[in-house]
Amino acid sequence: MKGYSRYFWAIHFVGDIIIINITFFINYYLKFNTLDFNNSPQDYKVLLLLFNFIWILTAFSIRLYDIKRVNRLDKVLFNLFKAAAINGLSISAILFFLKESDFSREHLYATYITLFVFVFIWRLFAIKLIYMIRKSGFNHKKVVIIGGGEVAKKLYDYFHSDTVLGFKLIGILSSKNLNFSIDNSNIINKHIDDIEVFLESHNIDEIYYTMPLTDTDYIKKLVDYTDSNMIRLRIVPDFRGFPFKRVNIDFYHDNPIISFRPEPLTDMINRFIKRL
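Rules behind the numbers
- Residues numbered from 1 in each chain as written.
- Predicted model: local features only at pLDDT ≥ 70, side-chain atom pairs only at ≥ 80, totals over all residues.
- Heavy atoms only, no water.
- Salt bridge = Lys/Arg side-chain N within 4 Å of Asp/Glu carboxyl O.
- Helix = DSSP H or I, 4+ residues; strand = E, 2+ residues; numbered from the N terminus.
- Axes fitted to C-alpha atoms, helices over the stretch in contact; angles between N-to-C directions.
- Parallel < 35°, antiparallel > 145°, perpendicular 65-115°, else oblique.
- Left-handed = near helix turned anticlockwise from the far one by under 90°.
- Contact = heavy atoms within 4.5 Å.
- Nonpolar A, V, L, I, M, F, W, Y, C, P; charged D, E, K, R; others polar.
- Buried < 20%, exposed > 50% of the residue type's maximum accessible area, 1.4 Å probe, protein only.
- Pairing = 2+ DSSP bridges.
- Expected span 1.5 Å × (residues − 1).
- Core = buried A, V, L, I, M, F, W, Y, C linked by side-chain atoms within 4.5 Å.

Peer 1: Any chance you could explain the pattern of salt bridges here in plain terms?
Peer 2: Taken as a whole, this structure holds 7 salt bridges when the rule is applied. When the shortest N-O distance is used, the salt bridge between Asp-157 and Lys-153 registers 3.1 Å. With Asp-157 and Lys-153 both in helix α5 (residues 150-160) and 4 residues apart, this pair spans about one turn of that helix. Residue Lys-220 pairs with Asp-224 through a salt bridge whose shortest N-O separation is 3.3 Å. Of this pair, Lys-220 and Asp-224 both sit in helix α7 (residues 216-228), 4 residues apart, which is roughly one turn of the helix. Among the charged side chains, a network of salt bridges with common partners joins Lys-141, Glu-206, Arg-232 and Arg-234.

Peer 1: What is the right way to look at unusual backbone geometry in this model?
Peer 2: Negative phi characterises most residues that are not glycine, and trans characterises most peptide bonds. You will see that Asn-33, though not glycine, has its phi angle at about 60 degrees, which is positive. Locating Asn-33 in the fold gives a position in the loop between α1 (8-32) and α2 (44-61). With phi around 55 degrees, Arg-63 is a residue other than glycine that occupies positive phi space. If you trace the backbone, Arg-63 turns up in the loop between α2 and α3 (73-97).

Peer 1: Hey, could you run me through the packing of helix α6 (residues 195-202) against α7 in this one?
Peer 2: Between two packed helices, what matters for the description is the angle formed by their axes and the separation of those axes. The contact between α6 and α7 brings their axes to 12 Å, and the two run at 25 degrees. Considering their axes alone, α6 and α7 lie roughly parallel with respect to each other. Pair α6 / α7 crosses with right-handed handedness. Contact residues: Ile-195, Glu-196, Leu-199 and Glu-200 in α6; Tyr-218, Lys-221, Leu-222 and Tyr-225 in α7. Along the lines of polarity and charge, the residues of the contact of α6 with α7 split into 5 nonpolar, no polar and 3 charged.

Peer 1: I keep staring at the environment of Ile-22 and nothing clicks. Help me out?
Peer 2: The topology assignment puts Ile-22 in helix α1. What makes Ile-22 partly exposed here is its relative accessible area of 44%. Each C-alpha atom, one on Ile-22 and one on Leu-115, is 8.9 Å from the other, the two residues being 93 residues apart in sequence.

Peer 1: What should I look at first to understand the sheet that holds strand β3 (residues 188-191) in this one?
Peer 2: Strands belonging to one sheet form pairs held by backbone hydrogen bonds; the direction of such a pair is parallel or antiparallel. Spatially, 5 strands are ordered β3-β2-β1-β4-β5 in an open sheet, and the strand pairing comes out parallel. The outermost strands of the open sheet, each flanked by one partner alone, are β3 and β5 (232-235). Across the sheet, the mean angle separating the axes of adjacent strands is 25 degrees when strand polarity is ignored. Summarising the sheet, strand β1 (residues 141-146) and strand β2 (residues 167-174) pair through 6 bridges and their orientation is parallel. Opposite Lys-141, over in β2, you have Phe-167 as the bridge partner. Most of the contacts of α5 go to β1, to which it runs at about 160 degrees, and overall it touches β1, β2 and β4 (206-209).

Peer 1: In this structure, what is going on with α1? I would like to understand it.
Peer 2: The α-helix advances 3.6 residues per turn, and as a result positions three or four apart in sequence lie on the same side. Relative to the 36 Å expected for 25 residues at 1.5 Å per residue, α1 spans 37 Å between its end C-alpha atoms, a close match to the ideal helical length. Within two residues after α1, Asn-33 carries a phi angle of roughly 60 degrees, on the positive side.

Peer 1: What is the right way to look at the nonpolar core in this model?
Peer 2: The nonpolar side chains of soluble globular proteins are, as a tendency, buried together. Judged by nonpolar contacts, the single largest core of 32 residues is most densely connected at Leu-47, Phe-51, Trp-55 and Leu-64. Mapped onto this core, the elements with two or more residues apiece are α1, α2, α3 and α4 (105-135). Among the elements that line this core, the one with the most residues is α2, at 8 residues. The residues contacting Leu-64, other than those within four sequence positions of it, are Asp-16, Trp-55, Ala-59, Asn-79, Leu-80, Ala-83 and Arg-123. Counting residues in each nonpolar core, the second largest holds 16 residues, with Ile-170, Ile-192, Tyr-209 and Leu-222 among its members.

So, in structure tokens, the structure goes:
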């Protein structure tokens, strides 16, 4: 199943659209005791189209379907709440602008509440399904760590934990002896000089470079090799001395700029919400 993870977003997307329409119809039936839109003086068909269109526009604007290999529950909940809030505010603004105040408020409120609940349950189910697929050994990426210091150890502990799935640590390559022990006998420890043979023989997907960034010649050589062999290279700098757990990196031309926390107002959606 390797390579099919690119379609996981479509599973979430199709599920959300189905749930949006089902919850709309269910609440319409509970309110009006019919599924025939023609019995209502208001055009609920147009309202349903607005529900779908604004949800799709909002979801892709805030990257709701940008599925990561590790999904925190609070992040999933926040993104769903964000999408539902923007959807509700947008539809309310459209109805107010068009002076369409005759639509049932009870139907709208009930639809949004059930929509949020069912989409959240569906998202948990979909994440659990992906979790089970990756835990069974399918759809994983083969990765290797370069370096043997404290940063490499933290990365090893991360990949070796039970909470991280979708990665299979194949080996650790370093120019010196590791300053930590490897608990898993299946993980290979090699000298960094053997890297090209190691990468080719194990079909590595990603490399995590944790050594100092001062050896620019070796890094350039590694970049050229990974580019020509379709291997993703990730540089893991040592941020242990910073007092914050999360940092953001921007580039002004070739100059990396590090900020210690994300600025919410740099997000267009957050600026829009603040102005409401």
